Amino acid sequence: MSEMIIESPDEVIAFLKAQHNLIEDMFDQVLHASDPKAREKPFVQLRQLLAVHETAEEMVVHPRVRQAKEPVDSIVDARLEEEHDAKQLLSSIEKLDATSQEFIDELTKLRDAVLDHAQHEETYEFPKLEEQLGAEESKRLATAVRAAEAIAPTRPHAGVESAKLNFAVGPFASMLDRARDLITHGLG
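Throughout, residues of each chain are indexed from 1 in the direction in which the sequence is written. With pLDDT at 70 or above as the cut-off, local features in this predicted model cover only qualifying residues; side-chain atom pairs require 80 or more to be listed or tallied, and sums for whole chains, interfaces and linings still use all residues. Where side-chain values are given, they derive from all heavy atoms of the structure, hydrogens and water being excluded.

Chemist: Explain the pattern of salt bridges here, please?
Modeler: Two side chains of opposite charge can pair, provided their charged atoms sit close to one another. Salt bridges are counted wherever a side-chain nitrogen of Lys or Arg sits within 4 Å of a carboxyl oxygen of Asp or Glu. One pass over the structure, following the stated rule, counts ten salt bridges. Between Asp73 and Arg66 there is a salt bridge, with the nearest N and O atoms lying 2.9 Å from each other. Residue Asp73 is classed as partly exposed on the basis of its relative accessible area, which comes to 41%. A residue is classified by how much of its surface remains accessible, and Arg66, at 32% relative accessible area, is partly exposed. A salt bridge links Arg66 to Asp77; its shortest N-O distance comes to 2.6 Å. Placement of the pair is Arg66 in the loop between helix H2 (40–65) and helix H3 (73–94) and Asp77 in helix H3, with a sequence separation of eleven residues. Buried, partly exposed and exposed residues are distinguished by accessible area as a fraction of the type maximum, computed with a 1.4 Å probe on protein chains only: under 20%, between the cut-offs, and over 50%, respectively. A relative accessible area of 39% means that Asp77 is categorised as partly exposed. Counting from the N terminus, the helices are the DSSP runs of H or I reaching at least four residues and the strands are the DSSP runs of E reaching at least two.

Right, dumping it as structure tokens:
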């Protein structure tokens, strides 16, 4: 998992946008693999990055956006719903044979949904966050996002989209996910 943490900007919005770009590139790597069997490893890396990225946003970013002076709950709620739907789809894709056409079709749907979600964040949510943050708080928030990603589950957990649930369930889910990843990799 540590090889997926990208060297990135110190400012939270730039950090998240850099991850959005990395996620897009990783989708392309999986979908355009020349050998269908070569999809498996990059898919696992993509799944892990998606899981930790969304968890960090749910734990750190969305709650901070909700503190805006003007009402933003509908913006955050829509992003949480998108994240929930993506987690459900990602969970179902995990069960598919990576060499199948169904895998490609479903992963393409997920890619479209995730990229739309990232665009929605960058268009609607990040500007609200940027209005609230000074340079120092932006750096502190980026550090908090990195810390949340370091302890986040590495698999999707639909239904755990709130900060409270992530703090309550996340560490246990993370421990189980990381153990499962090690066992799968060890047997792999």
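Chemist: Teacher, can you tell me more about the confidence of the model for the protein chain here?
Modeler: In low-pLDDT regions, the fine details of the predicted coordinates are not to be read closely. The predicted model of the protein chain averages 85 in pLDDT, with 79% of residues at 70 or higher. Confidence drops under a pLDDT of 50 for residues 1–6, and excluding neighbours within four residues, the segment shows 14 contacts in the predicted structure. What pLDDT expresses is the predictor's confidence in each residue, scored from 0 to 100. Should any heavy atoms of two residues lie within 4.5 Å, those residues are considered in contact.

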